[in-house]
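Chain and residue survey
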Amino acid sequence: MPNFYSDNSDILFHINNMDLSAVLDLKERHYSDKGQYPEAPQDYEDAMDNCKRLLDIIGDISGNFVAPRAPAVDAEGARFKDGEVIYAKGTAEAIDILNKAELMGFTIPRRYGGINMPKTLYAMAIEIVSRADASLMNIFGLQDISDTISKFSDEDQKQRYLPRFCSGEVMGSMALTEPDAGSDLQAVMLKATEDKDGVWHLNGVKRFITNGCAKISLVMARSENGMAGGRGISLFIYERDSDMKIRRIEHKLGIKGSPTCELQFKNAKAELLGKRKMGLVRYTMSLMNGARLAIAAQAVGIAEAAYREAYSYANDRIQFKKEIREFSAVYEMLTNMKIAIEGGRTLMYETSRIVDIKENMEEMVDEDPSLKDKYKEDIQKYSRYAGLFTPLLKYFTTEMGNKVCYDALQIHGGVGFTTEFNVERHYRDIRITNIYEGTSQLQVVGALGGVITGTVSERLDEYEANNNFAPIADIFDKAKGLRASLEKGIAHIKEKGDSTYQEYHAERLVKIAADTVISYLFCLDALKSDRKKKVAAIFIAPAQRRVQESLEAILSDNMDLIRLHKDIIDQGE
Amino acid sequence: MGLNILVTVKQVPDTHNIKGDTMKEDGTVNRAALNAIFNPEDMNALEEGLKIKETLGGRLSVLTMGPPRAVEVLKDSIFRGADEGVLLSDKRFAGADTLATSYALQAAIRKMGQFDIILSGRQAIDGDTAQVGPQIAEKLGLNQLTFVSEVVEVTNSFITVKRSIENGIEIVKAGYPVLLTVTDEANEPRPASVKKVMAYKNLTTKKDPSPAPAVNDKGVITHIKEWDADTIGADVSLCGLSGSPTKVKEIESVVLTAGDTKMVGADKEAIDALIHELTEEYIIG
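Every value quoted in this text rests on a predicted model; they were computed, and no experiment measured them.

**A word on the overall build of chain B**
- Scanning chain B from N- to C-terminus turns up six helices and 12 strands.
- When contacts within chain B are restricted to residue pairs at least 6 apart in sequence, long-range pairs at least 24 apart make up 68% of them.

Laid out in structure tokens, this is it:
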């Protein structure tokens, strides 16, 4: 009877130590649902108790229902037949169970049938589900669709759509990507035209649409004739009818249970969501930031699953008359994997808390404009933080997850390369995480702004000002050393004022920022746990070496690669 | 319209996770060493009841007999979709065998009202008797369908089920009222609804003798009813230890250990010899 929540001591450490009072107070609008809904919490303590019970149920479903079905879901995959997508048997059964547990209106307000949970809990839940079956996350984790409707559509649309999502009657997809608009979403071509009765019609093709077979899609389309770029794009709510055809689904390396569809819209009726021209610049950006947090959680979950496989194999496998975990080459890998996952997790919760505070303050101001002055400064600050932390998190966790799965397979040796063991599935499933919802290279671009303009320093200042690190001074001094290197790197890049040089070192600078921020977060965790002191110490030592190497490269002013790369990649001897 | 459904459930020691300290030296069960859990096949009975309610509508009640902490199985049932819970709890029910248990339960059921379908698990993992369900049916004069492994069809006037019997299955149709005992082949029980857990986690019992639903004007369950022997008008001489003709003579803790292994040839002669040996030892035959 494995429960993927209660068997995870690191998640338990966080849920038992994190202060969600500000987050829950905002999400619960100062507990204003109390008395109106029998499931609404009375106060913070009650809300936290609800959160823990919720995670326990998700842990139970994931461990006992979803995980045992995952190998078969991977083998069977989603299929395409006669123009329709057929989920693998285990996927369909899991969707039914998630609906019965009433988990499909996760962040939606109670008045629409949801359970009104903050994003932090959603991230925790996605990690737990992804550990069981990464491909199920692409259905469970698509609740950002209804969340986007909840945030930006009008009341009438909310009434018509949200209860259907919450009850499980409909699921969603986000139809953004096109054959010629992948990373560059400003190039979207699918056309939206408004007829004389004010009804919008969609024409064009969308590609790589996760769960594109869903009943409701949010479709990004060019609504402004002749207006190029992001400003000409609006977002539409489309409910499936015969005017949209699924042309095919992709055959993929991993997450095979998740159907990836190509959609053709032929004069398909749709409704505008929110305001015209705001489709990409506001709504899709918000939607994608939510999705990036979800993908980060997916990566942490897959990494956790792979780590556990490797740990168990290293304990069982005997070579040279001892368990292979006794060899330093193996235990070093296991230690680094475990610490990297815990680093991803602490960064994830930090990010999700920031996002929760920002989004709920924004929503509250929308609901009651008189709050604008009260929350204005905080909204600006937390928007800066969210703009930095979301790409930093996605970059770190998905790259980390790939490395963890690589090492987990390595620890298995030859059997890891066979389908007899689960680790090869995790190795395939993790591979998409640093590609979709924005590649790692794009996350670097996204995070770099917040690093260069001082947002990262602003947050680090807050950690220093609001906490007493004296009990762990020796470890914290080293973290501060990392920060000094980070500031030096930032100063040098700014001083140089060369955009090519800045772009060239962007990833190195973002890596230093990630190492520094995670070191600070580990120090905060270490104030609450002796074990985390050890974790911080073992993370920071190699981080110092990594940071030193990156800083040297940044300070070197060496432009050889920029100058010479064409001679290398275009020419032979 | 819809059906009136009752599920009888039991809290049992988790005998699937027996450890060294499970049996006391005097041969009785050390209940403190075992977690109390929802009897697994009662969970299958509940799931089947919930499915019927989803198909035809109606109302699903849950009844248990046990100490005050047995309220947990009623709450678990409500978390999964039951509409009401009744806890039958009284020191005078303690020490009941199957006869005394079924006597008390049938008296409670009479008090609760008329049911179209009563479901129970085939058997509980503590006693493994599979007797209480059939005894309730007998005492209430109901048709009974035991060992139900699948509900084939259910309508407002009849139910058709598959029964797992020795050497095969039997398909049987019955009108209402009827009592079913359900096996673990029937279904995979659903998880709790998080919304119901949040709404009902603090639900407590209340001595409320009324058979009317314990809900407020919004249809929200207000409490679990706690009934004792007097509430159900039971003859206490037929309850608990005094109503139980079963006497435990001795309990033996049997630990099965694998002994030697023996290879047997794949020819007819060797297999005949093995069959002979197993018959001689009364292992088969």
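**Some details on the sheet that holds strand 10 (residues 178-182) of chain B**
Residue and element names in this part refer to chain B.
- The 10 strands lie next to each other as 9-8-7-10-6-1-4-5-12-11, forming an open sheet whose pairing is mixed. The open sheet is flanked by strand 9 (168-175) and strand 11 (205-206), the only strands paired with a single partner.
- Here strand 7 (residues 143-154) pairs with strand 10 via four bridges, running parallel. Opposite Val 148, over in strand 10, you have Val 182 as the bridge partner.

**Section: the domain arrangement of chain A**
Residue and element names in this part refer to chain A.
- If you check the domain split of chain A, you get domain 1 (9-168 + 281-430), domain 2 (172-278) and domain 3 (440-565).
- If you average the C-alpha positions of domain 1 and of domain 2, the two centres end up 25 Å apart.
- Residue-level contacts link 33 residues of domain 1 with 31 residues of domain 2.
- Elements that contribute at least two residues to the side of domain 1 that touches domain 2 include exactly helix 3 (44-76), strand 2 (84-86), helix 6 (134-140), helix 7 (144-152), helix 8 (155-167), helix 9 (279-316) and helix 12 (423-430).

**Observations regarding helix 15 (residues 473-496) of chain A**
Residue and element names in this part refer to chain A.
- If you check helix 15, its first and last C-alpha atoms are 34 Å apart, about what 24 residues at 1.5 Å a residue would give, namely 34 Å.
- For helix 15, every residue scored as buried is listed here: Ile 475, Phe 476, Ala 479, Leu 482, Arg 483, Ser 485, Leu 486, Gly 489, Ile 490 and Ile 493.
- Where helix 15 is buried, its residues meet helix 13 (440-452), helix 14 (455-466), helix 16 (499-504), helix 17 (506-526) and helix 18 (530-555).
- Where helix 15 ends, the next residue or the one after it, Gly 497, has phi of about 60°, a positive value.

**What about the interface of chain A and chain B?**
- With 14 residues of chain A in contact, the opposing surface of chain B contributes 11 residues.
- Of all elements in the fold, only helix 3 and helix 4 (89-100) of chain A reach the threshold of two or more residues within the side of chain A that touches chain B.
- Ranked by residues supplied to the side of chain A that touches chain B, first place goes to helix 3 of chain A with six residues.
- Residue composition of the side of chain A that touches chain B, grouped by class: eight nonpolar, one polar and five charged.

Rules used in this analysis
Residues numbered from 1 in each chain as written. Chains lettered and ligands numbered in written order. Predicted model: local features only at pLDDT ≥ 70, side-chain atom pairs only at ≥ 80, totals over all residues. Helix = DSSP H or I, 4+ residues; strand = E, 2+ residues; numbered from the N terminus. Contact = placed C-beta atoms within 7 Å. Pairing = 2+ DSSP bridges. Domains from an automatic or database assignment. Expected span 1.5 Å × (residues − 1). Buried ≥ 20, exposed ≤ 12 C-beta atoms within 10 Å, placed from the backbone. Nonpolar A, V, L, I, M, F, W, Y, C, P; charged D, E, K, R; others polar.

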